[in-house]
Each structure stands twice: as C-alpha cells, then as structure tokens.
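Architecture at a glance
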Amino acid sequence: MKHVIHTLNKAFDNRVRLGVMAVLLANDAVSFNELKEALDLTDGNLASHVGALEKAGYVEVSKQFVGKKPNTTYTVSKAGKTAFQEHLNALEKLLRGQS
C-alpha cells in the first residue's frame, strides 16, 4: 500500500508553482504581469516555474499582441486541475494522519 506522502505531486513541491496553480485556479486566465505581481516574483523566476508547469501539461500558454505589446496569458489545463486536486487531496489526508 502506498503511503499518502508518496502520492504528493513533485511538480507542486515548490512554493512558487503551488502559488501559480492556486492563482490560476481562482481565475479563468491570468496575464504574465498579473501573475508576477500577485506572487511578487521576478520575470525570470516566474518564467522558469511556469515553463516547468507547461512542460508537465498543467498550464496552457496563450501569446498574442495587444497593439504592439506582447501579452502572455496563462490558464490551467484539464490535466492541471486534476493533478492539483489530487495533490490537495493527498495533503488533506496527510494532515489528517491517514496513510
């Protein structure tokens, strides 16, 4: 039998990725600047962590231009919603002392 701790998703181990997922799940879509401001991150730090979540298939990226300015928007994928919910469920079980 697998212990609950082994069911935690390593993609969400980092506090920044956990924050990105929480913000994205609370909103339909969030721009790069909004996400950067909400989590108080540098451009590079945010880009690195969002890139890891995108690579895992948990975040979808939409790039477009608004006038002459690039605008990047992020949303949570269906797989991301499922994976994050499973992670939260595992955390709850761990907190309750269930194995």
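Residues numbered from 1 in each chain as written. Predicted model: local features only at pLDDT ≥ 70, side-chain atom pairs only at ≥ 80, totals over all residues. Heavy atoms only, no water.

**Digging into the pattern of salt bridges**
Here the idea is simple: oppositely charged side chains can pair when their charged atoms come close. Put simply, the test is: Think of a salt bridge as a Lys or Arg side-chain nitrogen and an Asp or Glu carboxyl oxygen that are within 4 Å of each other. Here's how the labels work: a residue is buried when its accessible area is under 20% of the maximum for its type, exposed when over 50%, partly exposed in between, all with a 1.4 Å probe on protein chains only.
Evaluation of the coordinates by the stated rule reveals two salt bridges. For the salt bridge of aspartate 43 with lysine 36, the shortest nitrogen-to-oxygen distance reads 2.7 Å. Since its relative accessible area comes to 41%, aspartate 43 is described here as partly exposed. Between glutamate 92 and arginine 96 there is a salt bridge, and its shortest N-O distance comes to 3.1 Å.

**Concerning helix H1 (residues 15–26)**
Along an α-helix, residues three or four apart share an orientation, since each turn contains 3.6 residues. Quick note on the threshold: Secondary structure elements follow DSSP: runs of H or I of four or more residues count as helices, runs of E of two or more count as strands, with numbering from the N terminus. Expected span of a helix: the number of residues minus one, times 1.5 Å. We call two residues contacting when some pair of their heavy atoms lies within 4.5 Å. What qualifies as a polar contact is a pair of N or O atoms within 3.5 Å, subject to a donor-acceptor requirement within protein and to the restriction that residues adjacent in sequence count only when both atoms come from side chains.
Here H1 is 12 residues long and its end C-alpha atoms lie 16 Å apart, about the 16 Å a rise of 1.5 Å per residue gives. Those residues of H1 that sit buried are Val16, Gly19, Val20, Met21, Val23 and Leu24. Where H1 is buried, its residues meet strand E1 (30–31), helix H2 (32–39), helix H3 (43–55), strand E2 (59–66), strand E3 (69–76) and helix H4 (78–96). One side-chain oxygen at the N-terminal end of H1 lies 2.7 Å from the backbone nitrogen of valine 16; it belongs to asparagine 14.

**Re the nonpolar core**
Put simply, the rule is: Nonpolar cores are built from buried Ala, Val, Leu, Ile, Met, Phe, Trp, Tyr and Cys residues. Side-chain atoms within 4.5 Å join them into one set.
Phe12, Val20, Met21, Leu24 and Leu35 are the most contacted members of the largest nonpolar core, which totals 20 residues. Taken together, the elements giving at least two residues each to this core come down to H1, H2, H3, E3 and H4. Sorting elements by how many residues they give to this core places H1 first, with five residues. In this view, phenylalanine 12 contacts Leu18, Met21, Leu53, Tyr58, Ala83, Phe84 and His87; residues no more than four positions away in its chain are not counted.

**What about the environment of alanine 79?**
Following the sequence through the fold, alanine 79 ends up in helix H4. Distance in space between the C-alpha atoms of alanine 79 and alanine 56 is 9.2 Å, their sequence separation being 23 residues.

**Considerations on the packing of aromatic side chains**
In plain terms, the rule: Only rings of Phe, Tyr and Trp enter the pairing, Trp through its six-membered ring, and a pair is recorded when the two centres are within 6.5 Å. The plane angle decides the type: under 30 degrees is stacked, over 60 is edge-to-face, the rest tilted.
Enumeration according to the criterion identifies three aromatic pairs in this entry. Where phenylalanine 12 meets phenylalanine 84, the ring centres are 5.1 Å apart and the plane angle is 90°; that geometry is what we call edge-to-face. You can see phenylalanine 12 sitting in the segment before H1 and its partner phenylalanine 84 sitting in helix H4, a full 72 residues away along the chain. Comparing phenylalanine 12 with phenylalanine 84, the two get one shared label, buried. With 6.4 Å between their ring centres and 45° between their planes, phenylalanine 32 and tyrosine 74 make a pair best called tilted. With phenylalanine 32 in helix H2 and tyrosine 74 in strand E3, this residue pair connects regions lying 42 residues apart in the sequence. Taken individually, phenylalanine 32 and tyrosine 74 each receive the classification buried, so the pair is uniform in this respect.

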